[in-house]
Structures are given as structure tokens and as C-alpha cells.
Amino acid sequence: MPDTMNIRRISAACGAEVSGIDLTRAPSPGQVDVLQRALGENGILLFRDVGLTPEQHIAFSRNFGPLEAHVIGDFALPGHPEIFVVSNVKEDGKLKGAVYAGQYWHSDLSYMQKPSMGSLLLCHEMPEIGGDTMFANMFMAYETLSEPMKRFIGGLSAVHDYSHAYDTYFAHLKERPPLTAEARARTPPVEHPMVRAHPVTGRKALYVNPGFTKGIVGMPPEESRPILDLLFRHSVRPEFIYRHKWRVNDMIFWDNRSVTHYALADYDFSVRRHMHRTTIAGEATH
Ligand code: SIN
């Protein structure tokens, strides 16, 4: 039913709400094409009141590519390795998923040789106050740099490393144990261009993020650090950001090639925040 699907922009920075599609049923190839283009143009797609089972969430996500299991198997939904659980909920004293996930600006799996194309996060439980997710438009971040800066970074690659998040953001969090030697071995540092052209729109996006980008190829830290810090600050200017206040059964499909995101830890941690995420595999960047 492609004629009834409606896509409405929801913010100047990025994001569109999609209605008129039943995600419990297989979309037509035409609908998948429309959604892929809308994702490329808007950076995030919001679906309201979806109420999907894990199987339906996985099935819908697979229309956009193969799914990636998270490197830390403990965060997977039992029986469904394709679902990464983001949760502060404990059962028998054990956390049901990744607590403190994404509480820093990042692009999912930018630390992999083939970073994720997109992620679909479905809200199951949410505190009444707080727990929003922010999304920053990396097309706008790139386009508002000066021409000399665009030329400079256009020829450079950056080093992305999963362990960077553990050595910085998670270092002081006792409920996020250090990365195991095995997980470190599975996520060696990788290199990606600092600017990526989007495969659907051709538009250029800045492709660095504070969570996982730890250096610039060929530069010592004393040179690369100030450049990265400047780009990180610039990339999250308020006018580039859409902040989503979650309702239960909202699902957001974001494009990891053109937006970064940040989960706000501003809520009462004794209140349950529980989400399921699927992560779609992407292409090599070089
Ligand atoms: C994530 O980075 O995937 C988690 C986002 C969130 O919990 O809002």
C-alpha cells in the first residue's frame, strides 16, 4: 500500500515521521525503496505505536540488509542474537542488557571495518521524565565547515576503536566491566575517511565521533586531538540536533552514515528504561 504511506519532516535538523505502514507485515519492494530514500534524506525515521514482537522487529529490519550481532554477546536478547538490549532493568540481580549504552555521541559500529548502515531502536519501557535520545545531522556538520577545513579533512582518514569508549566514558562505571581480551581482539582499530558521501543521496557527511574516533591517521595525538575536539564540538551545534522524547512503542530507524546519537542519562535509574535495537550491516568505507 505505497499510496497510503506518509512521510512528514519533524525537525529542522533531521528526522521524519512515517505513518500509514503496518510494520507487522512485509513491506513491498516499493515501500522499502521509499523508506531507504527517506532515511538517506532525513537521517532518522520515526514510527509510532509499532508494538512489534522481537521476531517482527527482526523481520522488518532485514528488509534493509543483514543484521549484525553485538560484539558483547551478554547484551543480546536470549534466543535472538540479532537484538541488542539497551536496559537498566535487572532480573535476579543481573542486568538484562547494556546499561549506560550510548551515553556519548557516536555512530553505531564505526569501530568495525564495515560500520553499520543503520539501527532500529524500539522503546519498550521509558521513564516518564528523561531518557531522551539526541541525533546530530552530520551533513549539516560537514556543510557548515569552512572550505579550507573541508579540503583539509577531505583527504584524511581517522582511527576508530571500540576500546576508546571503554578507556574513556565507561572507565569509571562499575556496571560496565572492562572490555574482555577476546572482545578487544575482535575489534582492532580501523580506519575510515573523515568525510563520507552518502550512497543514496551523494551528500557528504562528517564521519568522526567522540565515542569511537581516537586519532587521525598519520598524525601524533598532539596534532590530531585538537582537530578532533574542534570537529566534535562543531558537529553537535544545537541547530544540527533533533531530540526525541520517547513514547512506549516508538521505533526510530537512524542512518549511522549521516547522524550521530547520544542517549541522555538524566533520568531516575530506579525507573525502568528498556529498549531493543537491531543493527544493520553496512559497507566498507574505502
Ligand atoms: C544506542 O546507542 O543504541 C542507545 C540509544 C538509547 O538508549 O537511547
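Bear in mind the structure is a predicted one, so any value in this text is a computation, not a measurement. All chains use their own residue numbering, which begins from 1 and follows the written sequence. At least 70 in pLDDT is required for a residue's local features to be given in this predicted model, at least 80 for side-chain atom pairs to be given and counted, and no such filter applies to totals for whole chains, interfaces and linings, which use all residues. Where side-chain values are given, they derive from all heavy atoms of the structure, hydrogens and water being excluded.

1. Re the sheet that holds strand β10 (residues 157-160)
The strands that make up a sheet are held in pairs by hydrogen bonds between backbone atoms, and each pair lies either parallel or antiparallel.
Okay, step 1: Spatially, β11-β10-β14 is the arrangement adopted by the 3 strands of the open sheet, whose pairing is antiparallel. Only two strands of the sheet have a single partner each, and these edge strands are β11 (190-193) and β14 (213-216). The average undirected angle you get between the axes of adjacent strands in this sheet is 35°.
Okay, step 2: With 4 bridges joining them, β10 and β11 adopt antiparallel strand pairing. Among the inter-strand pairings, His160 is bridged to a residue of β11, identified as Val190. At least two DSSP bridges between two strands are needed for those strands to be called paired. Secondary structure elements follow DSSP: runs of H or I of four or more residues count as helices, runs of E of two or more count as strands, with numbering from the N terminus. Angular values range over 0 to 180 degrees, each being the angle between N-to-C directions of two axes fitted as lines to C-alpha atoms, with helices fitted over their stretch in contact.

2. Brief notes about the environment of Arg225
Okay, step 1: With respect to the helices, strands and loops of the structure, Arg225 is situated in helix α7 (residues 221-235).
Okay, step 2: For each residue, the accessible area found with a 1.4 Å probe, counting protein chains only, is set against the maximum for its type, and the residue is called buried under 20%, exposed over 50%, and partly exposed in between. According to the relative accessible area criterion, Arg225 is partly exposed, its value standing at 29%.
Okay, step 3: When sequence neighbours within four positions are dropped, the list of residues in contact with Arg225 reads His164, Lys214 and Phe232. Contacts are assigned to residue pairs that have any heavy atoms within 4.5 Å of one another.

3. Looking at the pattern of salt bridges
A side chain of one charge can pair with a side chain of the opposite charge when the charged atoms of the two come close.
Okay, step 1: The salt bridge criterion pairs a side-chain nitrogen of Lys or Arg with a carboxyl oxygen of Asp or Glu, the two atoms within 4 Å. This structure, assessed with the given rule, holds 18 salt bridges.
Okay, step 2: Two residues, Glu143 and Arg203, come together in a salt bridge whose shortest N-O distance is 2.8 Å. A residue pair is termed long-range when its members are at least 10 positions apart, and Glu143 in helix α3 (residues 138-143) and Arg203 in the loop between β12 (195-197) and β13 (204-206) qualify at 60 residues.
Okay, step 3: What you see here is one network of salt bridges that share partners, running through Asp132, Arg243 and Asp266.

4. Here's the deal with the site of the ligand
Okay, step 1: Any residue with a non-hydrogen atom lying within 4 Å of a molecule or strand is treated as near it. Looking at the ligand, the residues that line it are Val86, Gly102, His106, Leu121, Thr133, Trp254, His261, Ala263, Arg273 and Arg277.
Okay, step 2: Pairs of N or O atoms are called polar contacts if they sit within 3.5 Å, as long as, within protein, a hydrogen donor faces a hydrogen acceptor (for residues adjacent in sequence, only side-chain-to-side-chain pairs). At 3.1 Å from an oxygen atom of the ligand is found a side-chain nitrogen or oxygen belonging to His106.
Okay, step 3: Under the convention used here, a 1.4 Å probe and the Shrake-Rupley method define accessible areas, while residue burial counts only the protein chains that appear. With the chains in place, 99% of the 260 Å² that the ligand exposes on its own is no longer accessible.
Okay, step 4: Polarity classes work like this: nonpolar for Ala, Val, Leu, Ile, Met, Phe, Trp, Tyr, Cys and Pro, charged for Asp, Glu, Lys and Arg, and polar for all others, with Gly in that last group. Its residues placed into classes, the shell around the ligand shows 4 nonpolar, 4 polar and 2 charged.

5. Section: the side chain of Ser258
Okay, step 1: Its location among the elements puts Ser258 in the loop between β16 (251-255) and β17 (259-263).
Okay, step 2: Relative accessible area serves as the criterion here: at 1%, Ser258 is assigned to the buried category.
Okay, step 3: Those residues within four positions of Ser258 in sequence are excluded, and the remaining contacts are Gly43, Ala136, Asn137, Met138, Phe139, His198 and Ala205.

6. Here we look at the environment of Met117
Okay, step 1: Looking at where Met117 falls in the secondary structure, it is placed in the loop between β7 (94-95) and β8 (118-125).
Okay, step 2: Placed 166 residues apart in sequence, Met117 and Glu283 show a C-alpha to C-alpha distance of 7.3 Å.
Okay, step 3: In this structure Met117 touches Leu39, Phe64, Phe253, Trp254, Asp255, Asn256, Arg257, Ile280, Ala281 and Gly282, once residues within four positions along its chain are discounted.

7. As for the nonpolar core
Okay, step 1: Residues Phe135 and Tyr162 are the most contacted members of the largest nonpolar core, which totals 35 residues.
Okay, step 2: Sorting the residues of this core by element identifies β3 (44-47), β5 (80-87), β8, α5 (162-167) and β16 as the ones contributing at least two each.
Okay, step 3: At 3 residues, α5 tops the list of elements feeding residues into this core.
Okay, step 4: Once you skip the residues sitting within four places of it in the chain, Phe135 turns out to touch Cys14, Ile44, Trp105, Phe240, Ile241, Tyr242, His244, Ile252, Trp254, Val259, Thr260 and His261.
Okay, step 5: Here, nonpolar core means buried Ala, Val, Leu, Ile, Met, Phe, Trp, Tyr and Cys residues that are tied together by side-chain atoms lying within 4.5 Å of each other. Counting 26 residues, the second-largest nonpolar core is a separate cluster that includes Phe47, Leu52, Leu67 and Met251.

8. What about the packing of aromatic side chains?
Okay, step 1: Working definition: a ring pair exists when centres of Phe, Tyr or Trp rings (six-membered ring for Trp) sit within 6.5 Å. Plane angles under 30 degrees give stacked, over 60 give edge-to-face, the rest tilted. Throughout the structure, instances matching the rule amount to 16 aromatic pairs.
Okay, step 2: Relative to Tyr262, the ring of Trp105 lies with its centre 5.4 Å away and its plane at 55°, an arrangement referred to as tilted. A residue pair is termed long-range when its members are at least 10 positions apart, and Trp105 in the loop between β7 and β8 and Tyr262 in strand β17 qualify at 157 residues.
Okay, step 3: Taken together, the aromatic side chains of Tyr104, Tyr111, Tyr162, Tyr166, Tyr169, Phe170 and Phe212 make up a single cluster linked through ring pairs.
Okay, step 4: Charge-over-ring contacts are defined here by two conditions on Lys NZ or Arg CZ: a distance within 6 Å of the ring centre and an angle within 35 degrees of the ring normal. The side chain of Arg176 reaches across the aromatic face of Phe170, ending 4.0 Å from its centre.
Okay, step 5: The side chain of Arg196 reaches across the aromatic face of Tyr207, ending 4.6 Å from its centre.

Spatial relationships are all this shows, so hold off on functional conclusions.
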